[in-house]
Amino acid sequence: MNIITRTDILNIHSCSVITSLCRAFTSGIADNVEKLVKKNKVVVFMKGVPEEPKCGFSNAVVQIFRMHGVTYDAHDVLKDEELRKGVKAFSNWPTIPQVFIGGEFVGGCDIMLQMHQNGDLVEELRKAGIRSALLDKETEDTK
Amino acid sequence: MNSSSCIKPQRMFTKYSLGQQLYKYSRKSFVLHSAVGNRCLQSEMSGEVFGKPVEHSIHKKLVETFNPVHLDILNESHMHNVPPGSETHFKVVVVSDKFNNLPLIKRHRMVNDALSSDLQNGVHALSIVAKTPDQWEESTKQVSPSPACRGGFGK
């Protein structure tokens, strides 16, 4: 059963590869990205989907948000070459994954990892009106 | 043909062994190929032609831009589904006082900017550790490897 599911996902992937590589970047795409990043408090552009990330860096971001109990919009850039280019141009950041909190670009995997480790992520989430699940866990642990 | 030493930059041959390698490969005069070997060796040492051109380019730009007190360039391409010897996935550790009083995102942008041409020409992943000399001294001075690949390369 597991094998069938994986094969299906792979097929969907290969079908969705977009061939128009050198298409000019238009302001329409920038508007589109801007709309996407403002649609939810936390928005992630990644490779693959949270249930099955296709890149270790994207997976690290997914795991961090899982620990903080954060729900977010995830967009798979492997399914949309234009979106992949568009988000890189929008944030002026060359790599994927990219994380937006409260509509603002926060960083990629390295920055998320460091913010997670030094506590800045909890604060950044709080500013966006999200309470990190790690805070509740800490409270439970001290009880 | 694997025996051509010139395109195997990972190994630094002595003049003698390089000559021998070429001798075996071409079955011609050792003296002649010892001279060829010298040229190859020089190119290897310069790192531009037969060496690791991308790593060399990254190194040069980071030194010029940040004058770092510590610099590591780790080629992590072998962790990914790319041919052996590829220069596609890198991690850089840059310790420089140019990062003093700058937030993390600004530091990363500076490194990305310095390496923008490499990122547009074949470097697929760049993981960055950017610290000030004080932060580096306080740290364990060890950097954890990047997460393992999950197969999305090239898609």
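Residues numbered from 1 in each chain as written. Chains lettered and ligands numbered in written order. Predicted model: local features only at pLDDT ≥ 70, side-chain atom pairs only at ≥ 80, totals over all residues. Heavy atoms only, no water.

In the nomenclature of an unreviewed UniProt entry, chain B is known as BolA-like protein of Zootermopsis nevadensis. Of chain B, the UniProt comment under Sequence similarities (unreviewed entry) reads exactly: "Belongs to the BolA/IbaG family." (UniProt positions renumbered as here; feature names shortened; annotations may be inferred.)

Under an unreviewed UniProt entry, the name given to chain A is Glutaredoxin-related protein 5, mitochondrial, and the organism recorded is Zootermopsis nevadensis.

Draft legend 1. Region of interest: the overall build of chain B. Scanning chain B from N- to C-terminus turns up six helices and three strands. Going from the N terminus to the C terminus, chain B shows its helices and strands as α-α-α-β-β-α-α-β-α. Contacts in chain B between residues at least 24 apart in sequence constitute 58% of all its contacts with a sequence separation of at least 6. Here chain B displays about 9000 Å² of accessible surface, and carbon together with sulfur accounts for 52% of that area. (Helix = DSSP H or I, 4+ residues; strand = E, 2+ residues; numbered from the N terminus. Contact = heavy atoms within 4.5 Å. Areas by Shrake-Rupley, 256 points an atom, 1.4 Å probe, with all protein chains shown as cover.)

Draft legend 2. Examining the sheet that holds strand E3 (residues 125-131) of chain B more closely. Residues and elements named next belong to chain B. Reading across from one edge, E1-E2-E3 is the order of the three strands in this open sheet, with mixed pairing throughout. Looking along the sheet, the strands with just one partner apiece sit at the ends: strand E1 (70-75) and E3. For this sheet, the mean angle separating the axes of adjacent strands, direction not counted, is 10 degrees. One ladder, built from seven bridges, connects strand E2 (residues 89-95) with E3; its direction is parallel. Bridge pairing in E3 places His-89 opposite Ala-125. (Pairing = 2+ DSSP bridges. Axes fitted to C-alpha atoms, helices over the stretch in contact; angles between N-to-C directions.)

Draft legend 3. Summary view of helix H5 (residues 109-118) of chain A. Burial in H5(A) covers these residues: Cys109(A), Asp110(A), Ile111(A), Met112(A) and Met115(A). Buried positions along H5(A) lie against helix H3 (56-67), strand E5 (98-101), strand E6 (104-107) and helix H6 (120-127) of chain A together with helix H4 (104-114) and E3 of chain B. One or two positions beyond H5(A), positive phi appears at Gly119(A), with a value near 90 degrees. (Buried < 20%, exposed > 50% of the residue type's maximum accessible area, 1.4 Å probe, protein only.)

Draft legend 4. Structural detail: the packing of H5(A) against H4(B). It is the contact of H5(A) with H4(B), at a shortest axis distance of 11 Å, that shows an interaxial angle of 155 degrees. With respect to H4(B), the axis of H5(A) lies roughly antiparallel. In this structure, H5(A) crosses over H4(B), and the sense of that crossing is right-handed. On H4(B), the residues that touch Asp110(A), Ile111(A) and Gln114(A) of H5(A) are Leu104(B), Ile105(B) and His108(B). Split by residue class, the contact of H5(A) with H4(B) holds three nonpolar, two polar and one charged. (Parallel < 35°, antiparallel > 145°, perpendicular 65-115°, else oblique. Left-handed = near helix turned anticlockwise from the far one by under 90°. Nonpolar A, V, L, I, M, F, W, Y, C, P; charged D, E, K, R; others polar.)

Draft legend 5. View of the side chain of Gln98(A). All names here are of chain A. Residue position: Gln-98 is located in strand E5. From its side chain, Gln-98 meets the backbone oxygen of Trp-93 in a polar contact 3.1 Å long. Of the polar contacts made by the side chain of Gln-98, one reaches the backbone oxygen of Thr-95; its length is 3.1 Å. Not counting residues within four places of it along the chain, the set of residues in contact with Gln-98 comprises Val-43, Val-44, Phe-45, Val-87, Lys-88, Ser-91, Trp-93, Phe-105 and Gly-107. (Polar contact = N/O pair within 3.5 Å; in protein donor to acceptor, adjacent residues only side chain to side chain.)

Draft legend 6. The sheet that holds E6(A), seen in detail. Residues and elements named next belong to chain A. Spatial ordering of the open sheet is given by E4-E1-E5-E6, a layout of four strands whose pairing is mixed. Each of the sheet's edge strands pairs with one partner strand only, and the pair in question is strand E4 (73-76) and E6. Across this sheet, the average inter-strand angle for adjacent strands is 25 degrees, counted without regard to direction.

Draft legend 7. Examining the packing of H3(A) against H5(A) more closely. Residue and element names in this part refer to chain A. Axis separation between H3 and H5 bottoms out at 9 Å; the angle between their running directions is 30 degrees. Taken together, H3 and H5 sit at an angle that is classed as roughly parallel. In this structure, H3 crosses over H5, and the sense of that crossing is left-handed. Contact residues: H3 offers Phe-57, Ala-60, Val-61, Ile-64, Phe-65 and Met-67, while H5 offers Cys-109, Met-112, Leu-113 and His-116. For the contact of H3 with H5, the per-class residue count stands at nine nonpolar, one polar and no charged.

Draft legend 8. Region of interest: the pairing of E2(B). Residues and elements named next belong to chain B. Of all seven residues making up E2, seven are buried, and the element is well covered by its neighbours. In the sheet, E1 pairs with E2 via six bridges, with the strands oriented antiparallel. Its bridge partner being in E2, Asp-72 is matched across the sheet by Val-93.

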